[in-house]
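# Secondary and tertiary structure notes
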Amino acid sequence: FDAALFGANAAEVLGDIESVQILACGTSYYAGLTARYWLEDLAGIPCAVDIASEYRYRKVVANPRQLIVTISQSGETLDTMEALKYAKAQGHGKTLSICNVPESAIPRASRLVFHTRAGAEIGVASTKAFTTQLVALFALAGTLAKLRGHLDATREAALIDGLRHLPGSVQ
């Protein structure tokens, strides 16, 4: 797992993270709920997941060492964008966007970005977006685990090997 997956300055941003706050809506929220287990198990880092539309209506205790992760298929989800703006206004400077559309608003407003490149969803079910968001979040958990010294080379190789087999398993 390489911090550079999330941007050129990712190691600097991710190096001293104490906790993770995930903000998303709909299917992206469910991807965040799954990621909470990985972040806490692999990286040993506390993680909270909020529906973006609810997060911005409560008093937030700012922590400059908390990573704010926003997840959006389109990158234009208004509630998620407003939650990101609110988090930044409260003093959260460490932000990561996981998004399918590179030039959309949410990635532009985030310090770090992981583009899922899932392509357009044809049906109502967000299958491709959800699956690629899970992969991005798993990569984040692995990267934070490695940066925090919770992941040895053998375990890292096994996890990456599992990711390599994912396309065949999905097929």
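Please read all numbers here as calculations on a predicted model, not as lab measurements.

## Description of the overall build of the protein
Check the secondary structure of the protein and you find eight helices and five strands. Taken from N to C terminus, the helices and strands of the protein fall in the order α-β-α-β-α-β-α-β-α-β-α-α-α. Relative to a compact globule of 171 residues, whose C-alpha radius of gyration would be 16 Å, the protein shows 15 Å and is just as compact. Along the first, second and third principal axes, the C-alpha atoms of the protein reach 40 × 40 × 25 Å. Taken across its 171 residues, the protein has 47% of its residues classed as buried. Considering only contacts within the protein whose residues lie at least 6 apart along the sequence, 74% involve residues at least 24 apart.

## What to know about unusual backbone geometry
Among all residues except glycine, the phi angle is most often negative; among peptide bonds, the trans geometry is most common. Even without a glycine there, the phi angle at R117 is positive, about 55°. Following the sequence through the fold, R117 ends up in the loop between strand 5 (112–115) and helix 6 (127–147). On the accessibility criterion, R117 (63% relative accessible area) is exposed.

## Focus on the packing of aromatic side chains
Across all of its chains, the model carries five aromatic pairs by this definition. With a centroid separation of 6.1 Å and an interplanar angle of 65°, the aromatic rings of F1 and F138 are classed as edge-to-face. Remark: F138 occurs in helix 6 and F1 occurs in the segment before helix 1 (10–14); sequence separation between them is 137 residues. F138 matches F1 in its accessibility class, with the two residues each being buried.

## Topic: the confidence of the model for the protein
Mean pLDDT over the protein stands at 93; residues scoring 70 or higher make up 98%. Of all the helices and strands in the protein, helix 8 (residues 166–170) carries the lowest mean pLDDT, 84, while strand 1 (residues 19–24) carries the highest, 98.

## Remarks on the pairing of strand 4 (residues 95–99)
Along strand 4, five of the five residues are buried, which leaves the element largely enclosed by surrounding structure. Neither face of strand 4 is exposed, since T95, S97 and C99 on one face and L96 and I98 on the opposite face are all buried. With five bridges connecting them, strand 3 (residues 66–72) and strand 4 associate as parallel partners. Opposite V69, over in strand 4, you have L96 as the bridge partner. Each parallel crossover has a hand, and the one from strand 3 via helix 4 (residues 78–89) to strand 4 is right-handed. Where strand 4 lies against strand 5, four bridges are found, and the strand directions are parallel. Counted as the bridge partner of C99 is H115 from strand 5.

## Let's talk about the sheet that holds strand 5
Strand order in the open sheet formed by five strands is 2-1-3-4-5, and the pairing between neighbours is parallel. Edge positions in the sheet fall to strand 2 (47–51) and strand 5, since each of these pairs with one other strand and no more. Taking the axes of each pair of neighbouring strands and ignoring which way they run, one obtains an average angle of 20° across the sheet. Inspection of the sheet shows strand 1 paired to strand 3 by six bridges, in the parallel sense. Opposite I22, over in strand 3, you have V69 as the bridge partner. Those strands touched by helix 4 are strand 1, strand 3 and strand 4, and its axis lies near 165° from that of strand 3. Along the sheet, helix 6 contacts strand 1, strand 3, strand 4 and strand 5; its crossing angle with strand 3, the most-contacted strand, is approximately 165°.

What counts and how
Residues numbered from 1 in each chain as written. Predicted model: local features only at pLDDT ≥ 70, side-chain atom pairs only at ≥ 80, totals over all residues. Heavy atoms only, no water. Helix = DSSP H or I, 4+ residues; strand = E, 2+ residues; numbered from the N terminus. Rg over C-alpha atoms; globule rule 2.2 N^0.38 Å. Buried < 20%, exposed > 50% of the residue type's maximum accessible area, 1.4 Å probe, protein only. Contact = heavy atoms within 4.5 Å. Phe/Tyr/Trp six-rings, centres within 6.5 Å; stacked < 30°, edge-to-face > 60°. pLDDT = per-residue confidence, 0-100. Pairing = 2+ DSSP bridges. Right-handed = clockwise from strand over helix to strand, strands pointing away. Axes fitted to C-alpha atoms, helices over the stretch in contact; angles between N-to-C directions.

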